[in-house]
Amino acid sequence: AQSVTQPDIHITVSEGASLELRCNYSYGATPYLFWYVQSPGQGLQLLLKYFSGDTLVQGIKGFEAEFKRSQSSFNLRKPSVHWSDAAEYFCAVGTGGYNKLIFGAGTRLAVHP
Amino acid sequence: DGGITQSPKYLFRKEGQNVTLSCEQNLNHDAMYWYRQDPGQGLRLIYYSQIVNDFQKGDIAEGYSVSREKKESFPLTVTSAQKNPTAFYLCASSAGRETRQPQHFGDGTRLSIL
């Protein structure tokens, strides 16, 4: 069965530090992969997506993610974190056919000044 | 501005009561979705609709019902059969049924039990 694992429930970084959020997926075919961000009490905003082609994907707000098929991973990175990046981040895999997304449990990011 | 509007933002339900959550989109999207979000569990799909007058159960449809009479509207009813309705409910839409069409989300409705 398809699944998404985000191993880190909470991460705290200092403002200006680099960030990497981990995402591992389980899916038999080539996956469609997404990263979303959610601010408290808000909906989800799409950061970036991967369908095929270049395995390094650029997104909004300075985020990027790298698809590694051999590791079944799609980690999200940002070279320098801003206080406004504090939020919850969700990785999701699209399972093909109809547009069904399987979400990870999320990683809550805190940013220290 | 195009987007998805969910109302109300907060909703309270009494025991044995049905409540309806509204979701309206002006993106001209064909597909719409309802998710439930609980702390530490990510999002789980309740129902989805790919076209007007058609909808399908998701992973946790028991105790919920939906309708899709208009393209822009996809209301969710939480029935008294749903024994643990306290959660954050998110509505989403996408341009089509294909997975490469990203889903766009509303700002959610938080449902609590009185």
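Keep in mind that what you see is a predicted model, and the values were worked out from it rather than measured. (Residues numbered from 1 in each chain as written. Chains lettered and ligands numbered in written order. Predicted model: local features only at pLDDT ≥ 70, side-chain atom pairs only at ≥ 80, totals over all residues. Heavy atoms only, no water.)

Regarding the interface of chain A and chain B
No. 1: Chain A puts 22 residues into the contact, and the matching count from chain B is 26 residues.
No. 2: Across the chain A/chain B interface, buried area totals approximately 1,900 Å², and carbon plus sulfur atoms make up 52% of it.
No. 3: Where chain A meets chain B, there are 1 salt bridge.
No. 4: We note a salt bridge from K100 of chain A to D59 of chain B, for which the minimum N-O separation is 2.9 Å.
No. 5: One can count 5 residue pairs in polar contact (both at pLDDT 80 or more) joining chain A with chain B.
No. 6: Among the elements that take part in the side of chain A that touches chain B, strand β5 (residues 32–38) of chain A stands out by supplying 4 residues, more than any other.
No. 7: A breakdown of the residues in the side of chain A that touches chain B according to their chemical character gives 11 nonpolar, 10 polar and 1 charged. (Contact = heavy atoms within 4.5 Å. Buried area = accessible area lost by both parts, 1.4 Å probe. Salt bridge = Lys/Arg side-chain N within 4 Å of Asp/Glu carboxyl O. Polar contact = N/O pair within 3.5 Å; in protein donor to acceptor, adjacent residues only side chain to side chain. Helix = DSSP H or I, 4+ residues; strand = E, 2+ residues; numbered from the N terminus. Nonpolar A, V, L, I, M, F, W, Y, C, P; charged D, E, K, R; others polar.)

Describing a nonpolar patch on the surface
Residue and element names in this part refer to chain B.
No. 1: Side chains of Y10, F12 and L114 sit close together on the surface and give an oily, nonpolar patch of about 380 Å² of accessible area.
No. 2: Inspection of the secondary structure assignment puts Y10 in strand β2 (residues 10–13).
No. 3: Using a relative accessible area of 53% as the deciding quantity, one classes Y10 as exposed. (Patch = residues over 30% accessible without salt bridge, like charges linked within 9 Å, V, L, I, M, F, W, Y side chains within 5 Å. Areas by Shrake-Rupley, 256 points an atom, 1.4 Å probe, with all protein chains shown as cover. Buried < 20%, exposed > 50% of the residue type's maximum accessible area, 1.4 Å probe, protein only.)

Here's the deal with the layout of surface pockets
If a probe as big as a water molecule is rolled over the atoms, it shows which places are left empty.
No. 1: Approximately 400 Å³ is the volume found for the largest pocket.
No. 2: Along the walls of the largest pocket sit 23 residues, with E88 and R108 of chain A together with Q37, P39 and G40 of chain B positioned nearest its centre.
No. 3: Of all the secondary-structure elements, those providing two or more residues to the lining of the largest pocket are β10 (87–94) of chain A together with β9 (87–94) of chain B.
No. 4: In terms of residue class, the lining of the largest pocket is built from 7 nonpolar, 12 polar and 4 charged. (1 Å grid on protein atoms, 1.4 Å probe; cavity = no way out; pocket = protein on both sides within 12 Å on 5 of 7 lines; lining within 4 Å. Points joined across faces, edges and corners; volume = space filled by probe spheres on them.)

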